[in-house]
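# Fold and geometry: a report
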Amino acid sequence: MDNRPGLLRRLDQTGVPLLIARLILGGVFVYNGAVKASHPFDFMKMVREYHMVPDHPAIFLNLIGSALPWLEIWCGLLLILGLAMRGSALLILTMLVGFTIAVTVRALNIYFTEGKAFCEIYFDCGCGTGIEWICGKIPKNLGMCILSLVILFSRSRRFCLDAVIRPPGATDSGVEVAPAVR
Amino acid sequence: MKSILREFVWIGVIGVVISLGLNTVSPRGLRLSEDYFPRSSPPPTQPAPPATSTAPSSQGATTLPEPAEDEGFKYVREQGLQPISHAEVKALYEDPAYPSGAYVFVDARTRDLYLAGHIPGAYHMERERAKESVESLRPALDQAIKIIVYCNGGNCEDSTFAAIQMQRENVNAMVIYVYPGGMDQWKDRDLPVEKGERGSGDLVKGRTLLGEPHG
């Protein structure tokens, strides 16, 4: 019986897919978070445009405007460093699902009220990337969701600071890079 | 799976604590208790009289609100504020008393947009620092016969929010007017636009800036 791991598992064991996913997703979140954190008031105004959070009491919008950009930077940094990656990836995935629902609902609202073709809809989504076409934004977000899932389900800890701080055997999953394929 | 959820929770909690801490020390940070999108209180029951009735006359200026202004006028009145027509704003700008400070223009857009081009002589009000901003403008605001607040025009609400913030900082509500046409209309009529800081003297024709990005 062939006990060799499958191709995907072997690829995962190299740590390369995880590293790429971490760097891309972490980089995007740090950059976008920094853009928002440098202009939190403008970001809060963008959030308000979604009409998903009431203006009053003011604390709700203020909390989102003040905490969300820094939270994105925090999660992005953890991913880049390779610390608490799975928790960070889950948090980022949660944010991404929320953002994607929000932009889709807003685009559908424009679609039904203004009668524009769906792919002709664009607006500044407050994502830190300026004006975005909806038909480009949704696939981008879905792509980032896939990267989050790659991190979430990867069993490798290669190239991660986590592996240095918590040596193999001390992890919750107890999984370390397998020896090279024979 | 449990361990991932545990990690998710503590990363979230630590992240929020750090985020709020950084927001507090950031010079651009938001104040959690501040009402940045104020509404008039109590809600308006009587529309304010049209500003055109008290406008100083000017050559070639029409006193009739233009069709494009109707929606903006209605919105401003709904906020319990006084709208002012483009013709009247232009008349105030061209009035010899303007340079002496009888009429004060206040730009309620972002600082970047203000620097990219504002009505010549207009002051900038930072909405996220309304209290401090109004205090710094207080000498000019207190001696003004009319204060004209504007933003981009169209659907922008910053001018109405700024006007209400001024009222809350005890600026005389009777002299505050909102220009619904805003910077878009000003530029569209090819009136002069000042780039950079107030008094920079760097004036350009409004239409040369049409199509520039909005905030």
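Now for a look at the structure at hand. No experiment lies behind these values; they were computed from the predicted model shown.

The rules behind these values
- Sequence order sets the numbering: in each chain, residues are counted from 1 along the sequence as written.
- Here chains are named by letter from A upward and ligands by number from 1 upward, in the order in which they appear as written.
- Residues qualify for local features only when their pLDDT is at least 70, as the model is predicted, and side-chain atom pairs are given and counted only at 80 or more; totals for whole chains, interfaces and linings, by contrast, use all residues.
- As a rule here, side-chain values come from all non-hydrogen atoms in the structure, and water together with hydrogens is ignored.
- Numbering of helices and strands starts at the N terminus; helices are DSSP runs of H or I of at least 4 residues and strands are runs of E of at least 2.
- Within 3.5 Å is the distance limit for a polar contact, defined as a pair of N or O atoms, with the added protein rule that one can donate a hydrogen and the other accept it, and that residues adjacent in sequence qualify only through two side-chain atoms.
- Note on contacts: a residue pair is in contact if any heavy atoms of the two residues lie within 4.5 Å.
- Of the grid points, spaced at 1 Å and generated over the protein atoms alone, those admitting a 1.4 Å probe that cannot get out make up cavities, while open sets with protein on both sides within 12 Å along at least five of seven lines make up pockets; any residue with an atom within 4 Å of a point is treated as lining.
- Grid points are joined across faces, edges and corners, and a volume is the space filled by probe spheres set on the points.
- Under this grouping Gly is polar, as are all residues other than the nonpolar Ala, Val, Leu, Ile, Met, Phe, Trp, Tyr, Cys and Pro and the charged Asp, Glu, Lys and Arg.
- We call a pair of cysteine sulfur atoms a disulfide when they lie within 2.5 Å.
- For every residue, the accessible area (1.4 Å probe, protein chains only) is compared with the maximum for its type, and the residue is labelled buried under 20%, exposed over 50%, or partly exposed between those bounds.

The next point concerns the side chain of Asn62 of chain A. Counting through the fold element by element, Asn62 of chain A comes out in helix α4 (residues 59–81). A polar atom in the side chain of Asn62 of chain A sits 3.1 Å from the backbone oxygen of Arg31 of chain B. Here Glu34 of chain B takes part through its backbone oxygen, which lies 2.8 Å from a polar atom of the side chain of Asn62 of chain A. The contacts of Asn62 of chain A, once residues within four sequence positions are left out, are Met44 of chain A together with Leu30, Arg31, Leu32, Ser33, Glu34 and Tyr36 of chain B.

Looking now at the layout of surface pockets. All names here are of chain A. As a volume, the second largest pocket reaches approximately 410 Å³. Every residue lining the second largest pocket is counted, 24 residues in all, and those nearest its centre are Val47, Leu68, Gly98, Phe99 and Ala102. Listing elements by their share of the lining of the second largest pocket, those giving two or more residues are α2 (16–38), α3 (40–48), α4, α5 (85–114) and α6 (134–153). Element by element, the count of residues in the lining of the second largest pocket is highest for α5, at six residues. For the lining of the second largest pocket, the per-class residue count stands at 17 nonpolar, four polar and three charged.

Where two cysteines share a covalent bond between their sulfur atoms, that bond is called a disulfide. Counting across every chain of the model gives three disulfides over all chains. Between the sulfur atoms of Cys125 of chain A and its disulfide partner Cys127 of chain A the distance amounts to 2.0 Å. For the pair formed by Cys125 of chain A and Cys127 of chain A, the shared burial category is buried. Across the disulfide, Cys151 of chain B is cross-linked to Cys156 of chain B (sulfur-sulfur distance 1.8 Å). Between Cys151 of chain B and Cys156 of chain B, the disulfide has an S-S torsion of 80° and is therefore right-handed. With cysteine numbering restricted to those in disulfides and following the sequence, chain A has the pairing 1-4, 2-3. Here Cys75 of chain A stays free of any disulfide, with the sulfur of Cys145 of chain A as its closest cysteine sulfur at 14 Å. In this model Cys160 of chain A remains outside any disulfide bridge; the closest cysteine sulfur is found in Cys75 of chain A, 16 Å from its own. For Cys160 of chain A, a relative accessible area of 5% translates into the label buried.

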